[in-house]
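Tertiary structure, described
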Amino acid sequence: MKKLYKKILTGAFILLFAFIFKIDNVSAASCRIGVSAPSSVVVGQSFKVTVTVAGSASIGSWEYTLSYDSSKVRLNSGTLHVVDYGNGSKSSSSYSYSFTALQSGSATFKPVNASVLDYASTNECLSSTGSASVSMKSQSEIEASYSRNNNLSSLSVEGADLSPSFNKNITEYQATLPVDTTKAKIIATAQDSKASITGAGEVDVVDGINKIEIIVTAEHGEKKKYVINLTVQELDPVKVKVDGKTYTVVRKKGQVENIP
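Here we take up the nonpolar core. Across soluble globular proteins, nonpolar side chains have a tendency to be buried as a group. By size, the foremost hydrophobic cluster in this structure holds 26 residues, and its most contacted members are Phe47, Val53, Tyr64, Tyr97, Phe99, Phe109 and Val116. Of all elements in the fold, only strand E1 (31–36), strand E3 (46–55), strand E4 (59–67), strand E7 (92–101), strand E8 (105–118) and strand E10 (132–137) reach the threshold of two or more residues within this core. For phenylalanine 99, the contacting residues outside a window of four places in its chain are Gln45, Ser46, Phe47, Val49, Leu66, Tyr68, Val73, Arg74, Leu75, Asn76 and Phe109. Counting 22 residues, the second-largest nonpolar core is a separate cluster that includes Leu152, Ala175, Val203 and Ile228.

On to the side chain of asparagine 229, then. Turning to its location among the elements, asparagine 229 is positioned in strand E17 (residues 223–232). Judged by relative accessible area, which is 12%, asparagine 229 ranks as buried. Ignoring any residue separated from it by four or fewer positions in sequence, one finds asparagine 229 in contact with Glu172, Tyr173, Gln174, Ala175, Ile209, Asn210 and Lys211.

A separate point is the sheet that holds strand E5 (residues 73–77). Spatially, five strands are ordered E5-E7-E3-E1-E9 in an open sheet, and the strand pairing comes out mixed. Sheet topology places E5 and strand E9 (126–129) at the edges, where each strand pairs with a single neighbour. Each adjacent strand pair in this sheet contributes to an overall mean axis angle of 25°, direction not counted. Relative to E7, E3 runs antiparallel, the two being bridged by nine bridges. Across the sheet, residue valine 51 finds its bridge partner in E7, namely tyrosine 95.

Glancing now at the pattern of salt bridges. For the structure shown, the criterion picks out three salt bridges. For aspartate 204, the salt bridge goes to lysine 183, with nearest N and O atoms at 2.5 Å. Highlighted residues: aspartate 204 in strand E15 (residues 201–204) and lysine 183 in strand E13 (residues 183–190), separated in sequence by 21 residues. Here aspartate 204 falls in the exposed class, since its relative accessible area comes to 60%. Of the charged contacts in the structure, one is a salt bridge between glutamate 213 and lysine 225, with a shortest N-O distance of 3.6 Å. With glutamate 213 in strand E16 (residues 208–217) and lysine 225 in strand E17, this residue pair connects regions lying 12 residues apart in the sequence.

Next up on the list: the environment of glutamine 139. In this fold, glutamine 139 is placed in helix H2 (residues 139–144). By relative accessible area, glutamine 139 is classed as partly exposed at 38%. The spacing of glutamine 139 and valine 42 is 97 residues in sequence and 6.3 Å in space, taken between C-alpha atoms. Leaving out residues up to four positions away in the same chain, glutamine 139 has contacts with Val42 and Tyr146.

What follows covers the packing of aromatic side chains. A full pass over the atoms with the stated rule returns nine aromatic pairs. Judged by centre distance (6.1 Å) and plane angle (25°), the rings of phenylalanine 47 and phenylalanine 99 are stacked. Linking phenylalanine 47 in strand E3 with phenylalanine 99 in strand E7, this pair joins segments that are 52 residues apart in sequence. Neither residue differs from the other here; phenylalanine 47 and phenylalanine 99 are each classed as buried. Taken together, a centroid distance of 4.8 Å and an interplanar angle of 50° make the contact between phenylalanine 99 and phenylalanine 109 tilted. Here the residue phenylalanine 99 occupies a position in strand E7, and phenylalanine 109 occupies one in strand E8, the gap between them amounting to 10 residues. Here phenylalanine 109 falls in the buried class, since its relative accessible area comes to 0%. An aromatic cluster is defined as three or more aromatic residues linked by ring pairs; in this entry it consists of Phe47, Tyr68, Tyr97, Phe99 and Phe109.

About the thresholds
- Residues numbered from 1 in each chain as written.
- Predicted model: local features only at pLDDT ≥ 70, side-chain atom pairs only at ≥ 80, totals over all residues.
- Heavy atoms only, no water.
- Core = buried A, V, L, I, M, F, W, Y, C linked by side-chain atoms within 4.5 Å.
- Buried < 20%, exposed > 50% of the residue type's maximum accessible area, 1.4 Å probe, protein only.
- Helix = DSSP H or I, 4+ residues; strand = E, 2+ residues; numbered from the N terminus.
- Contact = heavy atoms within 4.5 Å.
- Pairing = 2+ DSSP bridges.
- Axes fitted to C-alpha atoms, helices over the stretch in contact; angles between N-to-C directions.
- Salt bridge = Lys/Arg side-chain N within 4 Å of Asp/Glu carboxyl O.
- Phe/Tyr/Trp six-rings, centres within 6.5 Å; stacked < 30°, edge-to-face > 60°.

In C-alpha cells form, the structure reads like this:
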C-alpha cells in the first residue's frame, strides 16, 4: 500500500512539473533585432539604416553594437553601441543611423554582441538577429548599365500604309492620306520599354507633303530619328487663262468649286 501511495505521489509530481514547465514555455516571450536599409545607393550619397528591437511581449532591456565596414561607408550620425531599457509598455524600439557610401561594392550592417531581456521574467528572449546589405555603385557605373536601345518595334499612320514596310533599321518612310485631312495619328512603340518617344500621337497636317519626325531616346541618352513624309492629297488644280496668261488654281474641297 505504501509503494502504491509513493508511486501516485511521484506521478502527480511529474505531471505537476510538466504542467508548470509547459505553461512557462507558452508564456515565454520571443524577441528579435532587425535591420532595414536601401538595397542600392550611389557612391557619395547619404542613406539611412534602421535597427529595430522587437518582442512578442514587453521588452525589459536590450543591448547591441552595430557592425559595418568603415572602409566602405562613413557613419554620419547614430549611436553604435546601444544599451536601453523599457518601462513595461514598450514591445519595440527603433534606432536610426546615417551613413555615406564611400566606394563601389557591398556594405553589410549587423548587430553584434546583442541581448534582449523579457520585461516580465527578465529572461533572455532574443531568438534571431537580422542584417541588411547595401549595393553601392558610382554614377558612371550606373550609367554604363543603361540600355542604348533606341529602336522602334512598330511604326504606323492610322488610315495609311507606310512605304516601305516598317523595319527598325529603316528611318524614312512615305505615306498618303486623303483630301482635306487636317490631323494624322502616328502610332509608334519603342523596342525598349525604358526608351522615350516624341513626335508620335495626333499631329496637325496640311495639304501636300508633311515631314513628321519621331525621335526615340534610349535610356542611356542616344537619340534616333524616324521620318515619315506624309502627303495629304489635294484636289486636281484648275488651269485658267486671264488676259492671255495661264494661271493654276489649287483647289480645296468646298472652295473654288466652279471656275467661270
